[in-house]
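Given next are the chains, with one letter for each unit.
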Amino acid sequence: MTKAMPMGMRKKADLPQKTCARCGRPFTWRRKWARVWDEVRYCSDRCRGVRGKPGGQGRA
């Protein structure tokens, strides 16, 4: 048996997606980004912090 989802709930696959401007990975909409979704360009604070540096993320 499957449970019915409440009216406000969505499956993760149904949420909008973008591609990170830094690493190129896809990321999905988050509730904390609801008001600024059009301005979101990076998937994480780490990608946002290295936005001006060319090349990889500097993993050792």
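Conventions used here
- Residues numbered from 1 in each chain as written.
- Predicted model: local features only at pLDDT ≥ 70, side-chain atom pairs only at ≥ 80, totals over all residues.
- Heavy atoms only, no water.
- Helix = DSSP H or I, 4+ residues; strand = E, 2+ residues; numbered from the N terminus.
- Buried < 20%, exposed > 50% of the residue type's maximum accessible area, 1.4 Å probe, protein only.
- Contact = heavy atoms within 4.5 Å.
- Core = buried A, V, L, I, M, F, W, Y, C linked by side-chain atoms within 4.5 Å.
- Phe/Tyr/Trp six-rings, centres within 6.5 Å; stacked < 30°, edge-to-face > 60°.
- Lys NZ or Arg CZ within 6 Å of the ring centre and 35° of its normal.
- Salt bridge = Lys/Arg side-chain N within 4 Å of Asp/Glu carboxyl O.

1. Some words on the overall build of the chain
A count of helices and strands for the chain gives one helix and two strands. Secondary structure elements of the chain occur, N-terminal to C-terminal, as β-β-α. By the burial criterion, 18% of the 60 residues in the chain qualify as buried. The long-range fraction of contacts in the chain, counting pairs at least 24 apart against all pairs at least 6 apart in sequence, stands at 20%.

2. Some remarks on the nonpolar core
Note on soluble globular proteins: their nonpolar side chains tend to be buried together. Counting eight residues, the largest nonpolar core is built from Cys 20, Phe 27, Trp 33, Trp 37, Val 40, Tyr 42, Cys 43 and Cys 47. With residues up to four places along the chain from it excluded, the contact list for Val 40 reads Lys 18, Phe 27 and Trp 33.

3. Digging into the packing of aromatic side chains
Inspection of every chain in the model, using the stated rule, returns three aromatic pairs. Their ring planes at 75° and their centres at 6.0 Å tell us that Phe 27 and Trp 37 sit as a pair that is edge-to-face. Residue Phe 27 is found in strand S2 (residues 26-28), and its partner Trp 37 is found in the loop between S2 and helix H1 (45-49); the two are separated by ten residues along the sequence. Taken together, the ring pairs in this structure connect Phe 27, Trp 33 and Trp 37 into an aromatic cluster. Between the NZ or CZ atom of Lys 18 and the centre of the ring of Trp 37, over which it lies, the distance is 4.6 Å.

4. A word on the side chain of Thr 28
Mapped onto the elements of the fold, Thr 28 is located in strand S2. Of the residues examined, Thr 28 reaches a relative accessible area of 15% and is grouped as buried. In this view, Thr 28 contacts Lys 12, Pro 16, Gln 17, Trp 33 and Trp 37; residues no more than four positions away in its chain are not counted.

5. A short note on the environment of Val 50
Within the secondary structure, Val 50 is located in the segment after H1. Classification of Val 50 by relative accessible area gives buried; the value is 17%.

6. With respect to the pattern of salt bridges
Between side chains of opposite charge, a pair can form when the charged atoms approach closely. As enumerated under the stated definition, the model contains one salt bridge in all. Between Asp 45 and Arg 48 there is a salt bridge, and its shortest N-O distance comes to 2.7 Å. Of this pair, Asp 45 and Arg 48 both sit in helix H1, three residues apart, which is roughly one turn of that helix.

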